[in-house]
Amino acid sequence: MTRIRNIGIIAHIDAGKTTLSERMLFYSSKIHRMGEVHDGAATMDYLPEEQERGITIMSACTTCHWREATINLVDTPGHVDFTIEVERALRVLDGAVGVFCAVGGVEPQSETVWRQSEAFGVPKIAFVNKMDRPGADFAAVLAAMRTRLGANAVAVAAPLGQGEDFRAVLDLVRQETLTFAPQDQGRSVQRLPFTPEEAALAAPWRDALLEKLAEADEAFLEPYLEGVYSQGDILTALRRATLARTLTPVLCGSALRNMGVQPVLDAVCDFLPSPLDVPAPVGRDAAGHERPVPPDPDAPAVALVFKVLLENGRKLAFLRLYAGQIKEGESLRNVNRGKEDRLGRIYRPHAERREQIAAAFAGEIVAVVGLRSAHTGETYTGRGLCLSLESIEAYAPVLTRALEPRNADEGKILDEALARYSEEDPTLLVQADEESGARMVSGMGELHLDVLLERMRREYGIGPRAGNPQVVLRESVRAAADADVTFDRELGKERHQGRVALHVAPRPRGAGNSVTVGDFLPAKAEDARKILPPALLDAALEGVRDALQSGELTGCPVTDVAVTVTGVTRQEGLTTAPGCHMAAAQALREALAAASPVALEPLMRVEITTPEDFLGAAINLFTSCGGKVEELEDHGGRKLLRGTAPLRRLFGFSTALRSATQGRAGLVLSFARFDLP
């Protein structure tokens, strides 16, 4: 297990993640011919939609070998519409390689994926790509990583020349110059000691490396101050600091020109963690107690489903195995659903191809067939163990399109396709409109839903009529209100009665809902049970939560509301759990109606990069769409504008921005919060 590396490639769109992944596979002899993203031939971009657009849509897993290490590699998307693919990959990975463009530097989605990796405590190294492009500035990228990401970025390699003059990589640890032979696509790496000129160029970088390493790693401080340390001491200290996330080693090169990729593979082996080097994940047992899951191959199996695909009617579940081992034919328990599933075949994935294996062990990432009840974020265990790991957070969709089948036969196929896609993608929400018969499909953005329609045409041969995009709304309140409702009705020849009082109040934007119980019950548990059985209180709370799914003003889910149940009255022989459920739901509806309900719509973070000549046109266009400029700064010789705008006003904005700036502006939209328009 010390030789396993579970890593992901994360970056902004077009930073070169897939090109880097392709070279890593080529130099590790996993593939024997490199495919290019711009030719639609990259191994990890295997969907036709990815090949046509030249972007990564679906995270792809593969396994390769470098030195003595087995590297399980996940190439993730850079586009914000597919951020769930990044989120669920980072949830199960031990380390990551952040890729940055030497010209663009730290771009908007770079910040997003970096924050996601920090939230999961993932140690990282960085690779500054495209050092051969005009305008490349290695020092500026390092400075941006420190200021915008808060990363303690330190160069372990530096470029010899930049832009068109880029010709080699300086290894600051081993004090060698690395050149990559173009005649064999960079396979042959020549290492030569620094010349005096190269040593002079590398000296400031190396001094900064040693100084920052001494600050980040206490064990290296004394040898550094005494001036008695070896190359091995530096590598060991760099590994400790990287694992502790007190320092981020940074390398450089040009993946497209086959320069600097092998040092990245070396750094993955030298600096990034094995499954034994990261904190054990924590699960909850049946009693709700927290228990760590150490990576013990002899313990009962514990695995997390981080992705599900449906292929030819079969469910393929991607698992990260945290403990134990799994074999073909054995049964595993879906802890979240309380179901037993029998394992079919086990595969080691390689993009769209797979290698069948007989067993998998703790620390590995595999794809399995046979887990029929599996969904993203669920835990499977073996040998009578009942332990649930933290699930994977889903994102709220922000855009809806109505899809109408052209005939009854196409309607059946459409429902089948939507059922499959919504099971594979947790950010896709499908609902039926009973009045019109349309299927309302909600997703993370226009590109997300466009790709969905393309996949339907290619995979199912259908082309449903698609309505114009509509924003997904939420509902909240501006004031506080109380309600006290008695429900007393005969349902199905049984009389159900309940009385519930509650109080609602607004919460800050983005805070979500809270449902709590007031202090109307005695402090002693046994006295409280005499007055009110737990089943009645649970039914009232469930009624509140159910009613929050549909507001009074728009019928959309309610958010940012605090609900306090202030009373549940029991009449002996009459009060029932269904009665309390109905009374609570009705009380909440009355309270919401009296609390000045308001409709909220998605507010988007907008980041525009543009040449200074077009800054005025970009600002005018942005403000005309209801945008508010919050920040303006210089970024790599261009202007970077940050602000917020309502999604409803941004339809067609990217096209208008390209026209206004002669196609030279860059645009990134990401969801900020639901708020008043």
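Residues numbered from 1 in each chain as written. Predicted model: local features only at pLDDT ≥ 70, side-chain atom pairs only at ≥ 80, totals over all residues. Heavy atoms only, no water.

1. Digging into helix H10 (residues 408–424)
For clarity, the threshold we go by: Runs of E in the DSSP output that reach at least two residues are strands. Runs of H or I that reach at least four are helices, and both are numbered from the N terminus. An expected span of 1.5 Å times one less than the residue number is assigned to each helix. When accessible area is computed with a 1.4 Å probe and restricted to protein chains, residues below 20% of their type maximum are described as buried, those above 50% as exposed, and intermediate ones as partly exposed. Any pair of nitrogen or oxygen atoms within 3.5 Å is treated as a polar contact; in protein, a donor-acceptor pairing is required on top of that, and neighbouring residues in sequence qualify only through side-chain atoms on both sides.
The end-to-end C-alpha distance of H10 is 25 Å, a good match for the 24 Å that 17 residues give at a rise of 1.5 Å each. Taken as a whole, H10 has its buried residues at Glu410, Gly411, Leu414, Ala417, Leu418, Arg420, Tyr421 and Glu424. With a side-chain oxygen positioned 3.2 Å from the backbone nitrogen of Asp409, the residue opening H10 is Asn407.

2. Notes on the sheet that holds strand S1 (residues 4–11)
Each strand in a sheet pairs with its neighbour through backbone hydrogen bonds, running either in the same direction (parallel) or in the opposite one (antiparallel). Heads up, the rule is: Two strands form a pair only when DSSP identifies at least two bridges running between them. Orientation is described by lines fitted to C-alpha atoms, with helices fitted over the stretch in contact, and by angles between N-to-C directions that extend from 0 to 180 degrees. Residues count as neighbours in contact if any of their non-hydrogen atoms are within 4.5 Å of one another.
The seven strands are arranged S2-S3-S1-S4-S5-S11-S6 in an open sheet whose pairing can be described as mixed. On the outer flanks of this sheet lie strand S2 (60–66) and strand S6 (153–155), each paired with one strand and no other. Direction aside, neighbouring strands of the sheet carry axes that sit 30° apart on average. Strand contacts of helix H5 (residues 138–148): strand S4 (95–101), strand S5 (124–129), S6 and strand S11 (248–252), with the helix running at about 155° to S6, the strand carrying the most contacts.

3. Thoughts on the domain arrangement of the protein
Put simply, the rule reads: Bear in mind that the domain bounds are from an automatic or database domain assignment.
What the domain assignment reports for the protein is domain 1 (4–271), domain 2 (282–389), domain 3 (399–467), domain 4 (474–595) and domain 5 (600–675). Taking only C-alpha atoms, the centre of domain 2 and the centre of domain 5 are 43 Å apart.

4. Looking at empty space enclosed by the protein
Condition: Put plainly, a pocket is an open set of points on a 1 Å grid over the protein atoms alone with protein on both sides within 12 Å along at least five of seven lines, a cavity is a set where a 1.4 Å probe fits but cannot get out, and a lining residue has an atom within 4 Å of a point. Grid points are joined across faces, edges and corners, and a volume is the space filled by probe spheres set on the points. Residues are grouped as follows: nonpolar covers Ala, Val, Leu, Ile, Met, Phe, Trp, Tyr, Cys and Pro; charged covers Asp, Glu, Lys and Arg; every other residue, Gly included, is treated as polar.
All chains considered together, the criterion is met by five cavities of 30 Å³ or more. Lining of the second largest cavity is provided by 15 residues; of these, Val156, Asp171, Arg174, Leu251 and Pro263 occupy positions nearest its centre. Elements that contribute at least two residues to the lining of the second largest cavity include exactly strand S8 (168–171) and helix H9 (261–271). At five residues, the largest contribution of residues to the lining of the second largest cavity is made by H9. Broken down by class, the residue content of the lining of the second largest cavity amounts to ten nonpolar, no polar and five charged.

5. Side note on helix H8 (residues 231–243)
The terminal C-alpha atoms of H8, which comprises 13 residues, lie 19 Å apart, in line with the 18 Å expected from a rise of 1.5 Å per residue. Every buried residue of H8 is listed here: Ile234, Leu235, Ala237, Leu238, Arg239, Ala241 and Thr242. Those residues of H8 that are buried are in contact with S1, S5, helix H6 (196–216), helix H7 (218–226), S11 and H9. Just downstream of H8, Arg245 is the residue with a positive phi angle, here 60°.

6. What to know about the sheet that holds strand S12 (residues 282–285)
Spatially, S13-S12-S24 is the arrangement adopted by the three strands of the open sheet, whose pairing is antiparallel. Each edge of the open sheet is held by one strand with a lone partner, namely strand S13 (290–292) and strand S24 (387–389). Strand after strand, the sheet turns through a mean of 40° between neighbouring axes, direction not considered. Bridge count between S12 and S24: three bridges; the pairing is antiparallel.

7. Digging into the pattern of salt bridges
Put simply, the rule reads: For salt bridges, the criterion is a side-chain nitrogen of Lys or Arg within 4 Å of an Asp or Glu carboxyl oxygen.
Scanning the entire structure with this criterion turns up 40 salt bridges. Across the pair Asp488 and Arg495 runs a salt bridge whose closest N-O atoms are separated by 2.6 Å. Judged by relative accessible area, which is 45%, Arg495 ranks as partly exposed. Across the pair Glu631 and Arg642 runs a salt bridge whose closest N-O atoms are separated by 3.2 Å.

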